[in-house]
Amino acid sequence: MGFRAPYLLAAARAVAGGRLDLQHLRQLPVAAARTALMELPGVGPKIADCVLLFAYGFQSAFPLDIWVTRALGELYFPQHRVSINRLRQFAAAHFGRHAGYAQQYLFHYMRTRRAKASRN
């Protein structure tokens, strides 16, 4: 677990101690659930969105990592420098309630495109 070990321990203690009710997250709007997860040490927007999308099925959650950021920049904002907040707003408006699916396609596109380029 490396450098993540203290964060995992803190998260486990928060859940075991009742400070974070994982079942209650399902009842919250995505923004409130994200905020609750980000109260855990070591959890930022990307990890919170990963948890919400992949563990809780919040299809509007949009994990924004370097690959997805590159894809959005290349496909939607060529030759423009766009902030992370603007990319999040764009994803929410453009992809809507199924943004999580779009995120997966963007991620896959960039990873396979890069793999093909390195083989050539």
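### A few points about the side chain of D65
Part 1 of the argument: Mapped onto the secondary structure, D65 falls in the loop between helix 4 (45-55) and helix 5 (66-76).
Part 2 of the argument: Although buried, D65 forms no salt bridge, and the nearest oppositely charged side chain, K46, lies 4.8 Å from it.
Part 3 of the argument: A distance of 2.9 Å separates a polar atom in the side chain of D65 from the backbone nitrogen of V68.
Part 4 of the argument: Apart from the residues within four sequence positions on either side, D65 is in contact with K46 and F107.

### Things to note about helix 1 (residues 5-16)
Part 1 of the argument: End to end, helix 1 covers 16 Å across 12 residues, agreeing with the expected 16 Å (1.5 Å per residue, within 8%).
Part 2 of the argument: Count one or two residues on from helix 1 and you reach G18, which has phi positive near 85°.

### Details of the side chain of D49
Part 1 of the argument: Position of D49 relative to the elements: it lies in helix 4.
Part 2 of the argument: Setting aside residues up to four positions removed in sequence, D49 forms contacts with R34, A61, F62, P63 and R88.

### Re the pattern of salt bridges
Part 1 of the argument: Within this structure, the stated rule accounts for 3 salt bridges.
Part 2 of the argument: The salt bridge involving D49 is made with R88; its shortest N-O contact spans 3.4 Å. One end of the pair, D49, is in helix 4; the other, R88, is in helix 6 (residues 84-95), and 39 residues separate them in sequence.
Part 3 of the argument: Among the residues examined, D49 registers a relative accessible area of 1% and is labelled buried.
Part 4 of the argument: Taken together, the shared-partner salt bridges in this structure form one network comprising R34, D49 and R88.

### A few points about a nonpolar patch on the surface
Part 1 of the argument: The grouping of L75, Y76 and Y109 at the surface amounts to a nonpolar patch, some 250 Å² of accessible area in total.
Part 2 of the argument: Looking at the secondary structure, you find Y109 in helix 7 (residues 99-119).
Part 3 of the argument: With a relative accessible area of 32%, Y109 lands in the partly exposed category.

### Side note on helix 4
Part 1 of the argument: Considered for burial, the residues of helix 4 that qualify are A48, D49, C50, L52 and L53.
Part 2 of the argument: The inward-facing, buried residues of helix 4 abut helix 3 (30-38), helix 6 and helix 7.
Part 3 of the argument: Looking one or two residues past helix 4, G57 carries a phi angle of roughly 75°, positive in sign.

### Concerning the packing of helix 3 against helix 4
Each packed pair of helices is defined by two parameters, the angle between the axes and the distance between the axes.
Part 1 of the argument: Running from N to C, helix 3 and helix 4 point in directions that differ by 120°, and their axes come no closer than 9 Å. On the basis of the axis angle, helix 3 is oblique to helix 4. The handedness of the crossing between helix 3 and helix 4 comes out as right-handed. Two secondary-structure elements touch here, helix 3 through V30, A33, R34, L37 and M38 and helix 4 through P45, A48, D49, V51 and L52.
Part 2 of the argument: Each residue belonging to the contact of helix 3 with helix 4 can be placed in one class, and the counts come to 8 nonpolar, no polar and 2 charged.

What counts, and where the lines are drawn
- Residues numbered from 1 in each chain as written.
- Predicted model: local features only at pLDDT ≥ 70, side-chain atom pairs only at ≥ 80, totals over all residues.
- Heavy atoms only, no water.
- Helix = DSSP H or I, 4+ residues; strand = E, 2+ residues; numbered from the N terminus.
- Buried < 20%, exposed > 50% of the residue type's maximum accessible area, 1.4 Å probe, protein only.
- Lys, Arg positive; Asp, Glu negative; His and termini not counted.
- Salt bridge = Lys/Arg side-chain N within 4 Å of Asp/Glu carboxyl O.
- Polar contact = N/O pair within 3.5 Å; in protein donor to acceptor, adjacent residues only side chain to side chain.
- Contact = heavy atoms within 4.5 Å.
- Expected span 1.5 Å × (residues − 1).
- Patch = residues over 30% accessible without salt bridge, like charges linked within 9 Å, V, L, I, M, F, W, Y side chains within 5 Å.
- Areas by Shrake-Rupley, 256 points an atom, 1.4 Å probe, with all protein chains shown as cover.
- Axes fitted to C-alpha atoms, helices over the stretch in contact; angles between N-to-C directions.
- Parallel < 35°, antiparallel > 145°, perpendicular 65-115°, else oblique.
- Left-handed = near helix turned anticlockwise from the far one by under 90°.
- Nonpolar A, V, L, I, M, F, W, Y, C, P; charged D, E, K, R; others polar.

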